[in-house]
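Architecture at a glance
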Amino acid sequence: MAKSSSSSTAKDAQALIQSLRSAYSATPTNLKIIDLYVMFAIFTGLIQVVYMALVGSFPFNSFLSGVLSCIGTAVLAVCLRIQVNKENKEFKDLPPERAFADFVLCNLVLHLVIMNFLG
Amino acid sequence: MEREKEKKGRKGERGWEGDVAGEERERKRDRERERESRLISFKVFSKNPRNQPPPKIKGMARSLWFLAFLLSLSVFTCKAAVFQPISDRHRSAALDLFVPVDGSFGSLEETYEALRTFQILGIDKVADINPATCPLVVETLASQSSKAKDIFHALRVNSILRCSIDTGAFEGAGSKLQSVLKDASSLLDFYYSIGSLVLIKDQSSESNVFLEDADGIFHSIKSLSQSDGRWRYSSNGAESSTYAAGIALEALSGVVSLASSGVDQSMIGIVKNDIMKLFDSLEGYDDGALFFDEKLVDASEHQGPLSTTSSVVRGVTAFAAVTSGRLNIPGDKILGMAYFFLGIGVPGNTKDLFNQIESLACLENNKISIPLILSLPATVLSLTSKDQLKVKVNTVLGLDAPPLTVELVQAFKSGSKDTHAFQGQELKFDPESSIHSLDLLSQSIDVGKYTLAFEVLLHDPEHKNIYTSGGRTLANIFVTGVVTIDGAEISVLDSDVGSVETKKKLDLSGESTVSLSANHLQKLRITFDLATPLGYAFVPHQVFLKLRHESKVEHIFVSGNSGKQFEIILDFLGLVEKFYYLSGIYDIQLTVGDAVMENSFLQDLGHVELDLPERPEKATRPPSPPVDPYSRFGPKQEISHIFRAPEKLPPKELSLCFLALTLLPFVGFLIGLIYLRVNLKNFPTSALPAAFAILFQAGIAAVLLLYVLFWLKLDLFTTLKTLGFLGTFLLFVGHRTLSYLASISAKVKSA
């Protein structure tokens, strides 16, 4: 029973992932690029956190700016994704070029602060 | 105090040179005082080698007493002053001050001052100076452009160096000076040209220099004189000055010596009259020194008292030398000026030294009256070592005086105004050492401080017209001797009845250690007698009793004296509070000292154990022991700096490893892009939009590069400025690129 249930769960999970993948493959390529970018940013941030956990937080400002840079970038990328996504009716009138311009501007401002804080 | 005020006042009134003179004199007095006080302490310690460290002035009370002692001495010392003639001190000072650089002294004027000073002091330096200076002298005389002033200084230098100068140079300079003299209107023009002509006449045997219009020139110089005997530098509105008077007199004496036929005697008479008027403006100090001071203050060429007096002395002696008949200046005034120059001591700069030495040399050989200076080689005479009173009489430059007798006309003992018995005596002259001496021991003289008045009597009546010694000369001397101490006793008395509890004899000349004990109801009494060698009662300047507690708290008591006996009574009942209720052992120390007491002493007598009542709550606490003044200047305690411990850093390998790890997601990102088959097909193809797109990408790259630079080396302001430009550019380019892309996508949509 237990075996069958576990196998059924595995199957369910498989089915779920399968459906997720098929659903995701329908996503437009530009959104996939943004997703990839977000993942890149988050993993970079995670590696820094792991490094901090291993060797300690000195120098703390450098750690903070490194991690915040990643998180900030990720958040901005997510914002960009929201605005670019055509299914979001809310931003229907907003051209994706405008959204990209905002993204670039925000990134530049964010990194100016990050660089100042880096020490 | 009065004296101090007066000193300050006098200092303020004098010019800077006056200050030099005044300060030197003060210094001399200070030295004398210092010597006196040193004498005391020396004697004290030679008596008691094991006793005490040198008496640092510990308590306020003690230092005040010391001050009072010094002041009382200064009152005595200032009244009379004996001036010392020029000595080896001046010679070494001259060698220190006039230092040639590469065989010359700078300008010709400075060279002359140095050479003349050396010449007067008998120091031979001519050979050292000759090679470097003679070419300068020759060049100045031969040059067409040299002024009368330069020629004057060159000739003065030559008068000492005797460089080889051909007659032509002298004649050329002579004719030039004659022409200067014709057009001369200011006093300095006259002075330099006439002075130069006189020097040419002296130096060149062949050239025949004389003034044709001597009377005319004499008149034009005389026309600059004022009714009070002073002169003006030029006729147009210049103020009259005493310094100029000296210059004018020197120029006039030159005119007289250069005149081809004699100068009008009536004119010379008038100038002599002017000199008399000039001498009415002499100012003086209370020690007999007389000097001229400039009255005008605003002139740019203001001269101090030293150079003014020096100028007048030069002028007057030169004038007296060339004119017949005597100048009727009192010898006292000449002597007063000599005192002024000698009173300066050794000046600290070359100009002052030259003025002092040259003026004294002028006074040494003048035709009016030659001052004789009476001086005492020693002013402290000991009865124990049977010192004799010695007096020297010299000329101002330290040469021997003509045969004379020194008489001691009066002697005062300070404190009492009675004249002393040993006055009215002639001093014996010793021709070998040229010292006049008087045996004091045979005069039954007692210890003390004396003011002596001497008179100089010249043997040859002819000399009375030539020399001046200025009547009476006052001098202060100390006669020191051993003071006998008798009947020294220390005793503890019962307060209420006055009966003697314990009584001990003291031997103040040697060692004595007594140990006593007393309580607060008793008294401590110390008595002793002091007598001079002649048996009179002696009152020294310092009689102090010091009690020192174990905890270094000190108390000083001043003794009173009743006639012959000295008595110090300490009533402990009244002193309990002053002693801060500190019971225990007190060391007793007695100080007896005086400038004339050869056996002054500072001696430990022993100790007294005091039993005082308990200290009440409210009573003042004993002061903390004084800080040793030497420790204040010693090395300070070393400061150890505490730095923040450096943070622990991970090994370098680990950090590099994580650097590589952070790059991994980026690699993953790139792989993901390839997997998604991302391409750049949307990149504009036509030329202009492509260019804008490339510029847009380049702009973003530039901003990121700027950020990296900001991190590495730039400051915020530079970064923001550059970012401003880059941002504007990026905005423009980005707008064009993105709007182009938008228009394309819009077209695609509509299609």
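Only a predicted model underlies this, so the values are computations on that prediction, with no experimental measurement involved.

**Considering the overall build of chain A**
A tally of helices and strands in chain A yields four helices and zero strands. In chain A, which comprises 119 residues, the proportion classed as buried is 32%. For chain A, contacts bridging at least 24 residues in sequence account for 68% of all contacts bridging at least 6. Here chain A has roughly 7,500 Å² of accessible surface; of this, 70% comes from carbon and sulfur atoms.

**What to know about the confidence of the model for chain B**
Do not read the fine detail of predicted coordinates wherever pLDDT is low. All names here are of chain B. Residues with a pLDDT of 70 or more make up 85% of chain B, whose mean pLDDT is 81. Averaged pLDDT values over the elements of chain B bottom out at 41 in helix α1 (residues 2-13) and peak at 93 in helix α20 (residues 687-712). For the stretch residues 34-61, pLDDT sits under 50, and the model shows 45 contacts to residues farther than four places along the chain or on other chains. Low pLDDT, under 50, characterises residues 67-80; the predicted model gives this stretch 25 contacts beyond four residues in sequence or across chains.

**Topic: the sheet that holds strand β12 (residues 448-458) of chain B**
Residues and elements named next belong to chain B. Overall, mixed pairing links the five strands, which are arranged β6-β14-β12-β8-β9 in an open sheet. Whereas interior strands pair on both sides, the edge strands pair on one side only; in this sheet they are β6 (380-382) and β9 (425-426). Relative to strand β14 (residues 472-480), β6 runs parallel, the two sharing three bridges. By the bridge assignment, V380 is partnered in β14 with F478.

**Things to note about the interface of chain B and chain A**
Contacts between the two partners involve 31 residues from chain B, matched on the other side by 27 residues from chain A. Together chain B and chain A conceal approximately 2,600 Å² of surface at their shared face, both sides included; 86% is due to carbon and sulfur atoms. Considering only the surface of chain B that becomes buried against chain A, B:F658, B:F669 and B:Y707 emerge as the three largest contributors, covering 23% of it. Applying the counting rule to chain B against chain A returns zero salt bridges. The tally of links from chain B across to chain A stands at two residue pairs in polar contact (both at pLDDT 80 or more). At the level of secondary structure, the elements contributing two or more residues to the side of chain B that touches chain A comprise α19 (652-675), α20 and α21 (716-750) of chain B. Ranked by residue count, the leading element in the side of chain B that touches chain A is α19(B), at ten residues. For the side of chain B that touches chain A, the per-class residue count stands at 25 nonpolar, five polar and one charged.

Reading guide: rules and limits
- Residues numbered from 1 in each chain as written.
- Chains lettered and ligands numbered in written order.
- Predicted model: local features only at pLDDT ≥ 70, side-chain atom pairs only at ≥ 80, totals over all residues.
- Heavy atoms only, no water.
- Helix = DSSP H or I, 4+ residues; strand = E, 2+ residues; numbered from the N terminus.
- Buried < 20%, exposed > 50% of the residue type's maximum accessible area, 1.4 Å probe, protein only.
- Contact = heavy atoms within 4.5 Å.
- Areas by Shrake-Rupley, 256 points an atom, 1.4 Å probe, with all protein chains shown as cover.
- pLDDT = per-residue confidence, 0-100.
- Pairing = 2+ DSSP bridges.
- Buried area = accessible area lost by both parts, 1.4 Å probe.
- Salt bridge = Lys/Arg side-chain N within 4 Å of Asp/Glu carboxyl O.
- Polar contact = N/O pair within 3.5 Å; in protein donor to acceptor, adjacent residues only side chain to side chain.
- Nonpolar A, V, L, I, M, F, W, Y, C, P; charged D, E, K, R; others polar.

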